[in-house]
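# Structure assessment
One-letter residues, chain by chain:
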Amino acid sequence: MGSRWEQQPGGSDGPLPPSWSFDPYTPSPSPGDPHAGRSAEHPPGPGARGSDPDSSAPGTVGRARGAARTVGRGAAATGRATAKASVAGARLVGRGTKAGTARFRAFAGKDGARNSGLAGLTEVHAVAAAGDAALTIALASTVLALPVGQARGQVAIFLATTMAPFVLLGPFVGPLLDRFRHGRRWAIGGSLAVRAFLSWGLAGLLDGSAWLLPVALLCLVATRAYAVARSAGMPLVLPPGVTLVTANARTSIAGIIGMVLGSALAAPVSRVGPEWTLRLTFAIYAVATVLAVRLPAAVDSPPPGPEEGAPEPLLTGWRRRPEMPGRVRATLAVTSGSRVLAGFLTLFLAFLLQEQPLAGLSPLAALGLVVGVAGLGNGVGSFAGNRWGDLAPGRIAGSMLLVATAAAVATAVHYALATVLVLAFISGAFGQLSRLCLDALIQHEVAGPVQARAFAWTETQLQLGWVVGGAVSIVLPLVPELGFAVVSGALAAVVAASVVIRRRSLAAAEAPAGAPGTDVPGAAGPTRHTGPG
């Protein structure tokens with residue numbers, strides 16, 4: 001005899017009637033249940049297993065409604081919890097952003113910098129650096145890509161391309177900025193607005209347009225023009241008691257902070273597409289433009305007086321470099337040496353690590369490590385300049401040149417990962433510190449009417465130093481001892497050249513002690529002279 005589910009209502013075994021079906025989800029009827037056998041008398045409703053879909057089962061519908069209510073309550077609770085967590089997270093981020101902004105503004109405005117206008121210039125530079133970082137990320141795989149693994153002829157073309165914008169900078173951009181130095185705020189804001197416009201335009205040129213490279217190079221020209229205008233305005237907003245080296249170092253630190261924030265914003269956007277990163281760049285530059293035109297009027301030079309005479313026509317004397325004192329020329333030679341070292345390290349190691357990997361690292365990983373350590377040295381150089389700002393700029397730059405030369409010699413004698421990383425770190429710090437010192441000396445010792453021109457020619461010569469270092473790296477055989485011996489010799493030649501320039505300038509000096517032109521610890525400002533360099 002089968003189970004009760006297989007038994008006919010009459011009690012005999014046999015096939016089940018069509019209206020009787022087995023549902024394991026339906027509880028067994030208990031003895032005395034008034035509803036026992038109801039399935040045999042009444043057909044099941046819709047939803048019952050094996051039933052007519054037009055019929056109905058109230059128990060199943062009730063359970064479904066209960067489950068739906070439970071799921072709804074769970075979803076509502078989850079939504080409320082998610083909303084509370086989002087609000088709490090937003091509040092936490094907001095508090096952190098507010099606290100970070102307050103600390104940055106306090107850093108930028110200390111020592112009277114808020115009242116003098118230096119704080120505003122520092123904040124503009126932080127936002128501009130954020131835009132530069134976003135632009136670099138957007139173009140990292142196209143025109144700004146480092147030529148790793150390419151033929152040496154292609155690298156030579158890359159070097160020539162990076163030099164092209166500077167052909168315009170010294171002869172044309174510098175004199176133009178000097179001519180309109182009484183509207184420097186608009187020059188700074190205009191260079192930022194041009195970059196914003198070009199960034200938006202670049203977003204539509206990433207499909208292989210022939211205009212991509214020219215527009216990117218125009219961005220580079222605008223970037224250098226901004227740097228020239230900002231550096232020329234620095235002495236005018238210098239608060240009492242702060243040296244030019246310290247002021248330049250603070251601005252550089254603000255730039256590092258801006259680059260970090262800009263990279264943090266651009267990196268996730270770049271996953272969507274580089275064109276959206278460029279649109280983000282446009283927005284950042286637009287903010288910087290507004291901040292620039294709102295700078296205090298102290299950033300502008302006073303209008304030229306009658307004692308200066310008529311301004312020099314833009315198209316006459318454009319090939320003539322401005323006269324610079326001996327200490328400026330000596331420090332320019334030292335800073336050019338730092339650029340030669342940086343260009344050599346970047347490209348020579350890019351080729352060398354392909355042939356001779358270091359410490360089992362892949363070539364790309366090793367090169368990335370070297371570049372990262374050099375960037376760390378650059379940041380340390382900025383903080384060191386902020387601390388050592390009271391020292392003589394010439395002495396700081398000369399000391400770093402000697403340290404870099406010793407590190408290059410050590411790398412030539414013992415080529416290993418440790419010595420290469422030490423040299424990269426020193427190279428980054430050397431380049432940053434020497435540049436801070438050079439800017440301070442130009443700001444202090446070069447006359448205001450030609451100061452922008454001096455900065456423009458300086459930018460051109462420093463870029464030429466980087467190109468020369470890179471060119472040396474692509475003509476040498478890939479022998480590490482030979483390569484680093486050559487760059488060590490080049491740095492030693494820079495040491496000798498800077499000493500000769502300084503001695504000749506001292507011998508030719510006819511001004512009495514204390515007259516304008518004596519060296520200034522930290523280049524304290526355009527009116528203070530506080531010691532030898």
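Residues numbered from 1 in each chain as written. Predicted model: local features only at pLDDT ≥ 70, side-chain atom pairs only at ≥ 80, totals over all residues. Heavy atoms only, no water.

On to the overall build of the protein chain, then. In terms of helices and strands, the protein chain carries 16 helices and 0 strands. Buried positions account for 44% of the 533 residues belonging to the protein chain. Sequence separation of 24 or more characterises 81% of the internal contacts of the protein chain that already satisfy a separation of 6 or more. Accessible area for the protein chain stands at about 26,200 Å²; split by element, carbon and sulfur atoms hold 66% of it. (Helix = DSSP H or I, 4+ residues; strand = E, 2+ residues; numbered from the N terminus. Buried < 20%, exposed > 50% of the residue type's maximum accessible area, 1.4 Å probe, protein only. Contact = heavy atoms within 4.5 Å. Areas by Shrake-Rupley, 256 points an atom, 1.4 Å probe, with all protein chains shown as cover.)

All right, on to the side chain of R230 then. With respect to the secondary-structure elements, R230 resides in helix α8 (residues 212-233). Sequence-distant contacts of R230, defined by excluding residues within four places in its chain, comprise L121, H125, I188 and T251.

What follows covers the confidence of the model for the protein chain. Across the protein chain, the average pLDDT comes to 79, with 72% of residues at 70 or higher. Counting interchain partners and residues more than four positions distant, the pLDDT-below-50 stretch residues 44-56 has 19 contacts. Counting interchain partners and residues more than four positions distant, the pLDDT-below-50 stretch residues 513-521 has 32 contacts. (pLDDT = per-residue confidence, 0-100.)

Turning next to the packing of helix α4 (residues 118-138) against helix α10 (residues 274-293). Here α4 crosses α10 at 165°, and the two axes come no closer than 8 Å. With respect to their mutual orientation, α4 and α10 come out roughly antiparallel. Here α4 runs over α10; the crossing is left-handed. Residues V124, V127, A128, A130, G131, D132, A134, L135 and A138 of α4 form the contact with α10, whose own contacting residues are P274, T277, L278, T281, I284, Y285, V287, A288, L291 and A292. Among the residues making up the contact of α4 with α10, the classes are represented as 15 nonpolar, 3 polar and 1 charged. (Axes fitted to C-alpha atoms, helices over the stretch in contact; angles between N-to-C directions. Parallel < 35°, antiparallel > 145°, perpendicular 65-115°, else oblique. Left-handed = near helix turned anticlockwise from the far one by under 90°. Nonpolar A, V, L, I, M, F, W, Y, C, P; charged D, E, K, R; others polar.)

Now for the nonpolar core. In this structure, L135, L159, I188, L192, L202, L278 and I442 are the most contacted members of the largest nonpolar core, which totals 65 residues. Counting residues per element, this core draws most heavily on α8, which supplies 9 residues. Beyond its immediate stretch of four places on either side in the chain, L202 contacts L135, L139, L212, V215, A216, C219 and L278. Within the second largest apolar cluster, 39 residues are counted, among which are L367, V370, M400 and C437. (Core = buried A, V, L, I, M, F, W, Y, C linked by side-chain atoms within 4.5 Å.)

Among the structural elements, V420 can be located in helix α14 (residues 417-445). Through-space distance from the C-alpha of V420 to that of V370 is 7.6 Å; in sequence the pair is 50 residues apart. If sequence neighbours within four positions are ignored, V420 has contacts with L349, L358, V370, T411 and Y415.

Attention now moves to unusual backbone geometry. One non-glycine residue, D111, lies in positive phi territory at about 60°. When you line up the elements, D111 lands in the loop between α2 (58-109) and α3 (113-116).

On to the pattern of salt bridges. This model, assessed by the stated rule, comprises 9 salt bridges. Residues R114 and E123 are paired through a salt bridge, measuring 2.9 Å at the closest nitrogen-oxygen approach. Note on E123: relative accessible area 15%, which makes it buried. (Salt bridge = Lys/Arg side-chain N within 4 Å of Asp/Glu carboxyl O.)

Another point: the side chain of Q432. Structurally, the position occupied by Q432 is in helix α14. Once you skip the residues sitting within four places of it in the chain, Q432 turns out to touch S252, N378, G381 and S382.

Let us look at the packing of aromatic side chains. Applying the stated criterion to the full structure yields 5 aromatic pairs. Between W200 and F282 the ring centres are 5.1 Å apart and the planes differ by 65°, which places this aromatic pair in the edge-to-face class. On the criterion of sequence distance, the pair formed by W200 in helix α7 (residues 184-202) and F282 in helix α10 is long-range, its members being 82 residues apart. What makes W200 partly exposed here is its relative accessible area of 46%. A relative accessible area of 31% places F282 in the partly exposed class. Within the aromatic cluster, the residues linked to one another by ring pairs are F344, F348, Y415 and F484. Residue placement shows R279 over the ring face of W200; its charged tip is 5.8 Å from the ring centre. One residue, R279, lies across the ring of W276, its end atom 4.6 Å from the ring centre. (Phe/Tyr/Trp six-rings, centres within 6.5 Å; stacked < 30°, edge-to-face > 60°. Lys NZ or Arg CZ within 6 Å of the ring centre and 35° of its normal.)

Together, V479, L482 and V486 make up a nonpolar patch on the protein surface, roughly 200 Å² of accessible area in all. Following the sequence through the fold, V479 ends up in the loop between α15 (451-475) and α16 (480-508). (Patch = residues over 30% accessible without salt bridge, like charges linked within 9 Å, V, L, I, M, F, W, Y side chains within 5 Å.)

The next thing to look at is helix α6 (residues 166-179). The terminal C-alpha atoms of α6, which comprises 14 residues, lie 19 Å apart, in line with the 20 Å expected from a rise of 1.5 Å per residue. Turning to α6, its buried residues are F166, L169, G170, P171, V173, G174, P175, L177 and D178. On the buried face of α6, the contacting elements are α5 (152-163), α7, α8 and α15. (Expected span 1.5 Å × (residues − 1).)

It is worth spelling out helix α11 (residues 326-355) at this point. The end-to-end C-alpha distance of α11, which contains 30 residues, comes to 43 Å, matching closely the 44 Å that a straight helix rising 1.5 Å per residue would cover. Maximum bend of α11: about 30°, positioned at L349. Within α11, 24 of the 30 residues are buried, which leaves the element mostly enclosed by the surrounding structure. (Bend = angle between axes of the 7 residues up to and from the residue.)

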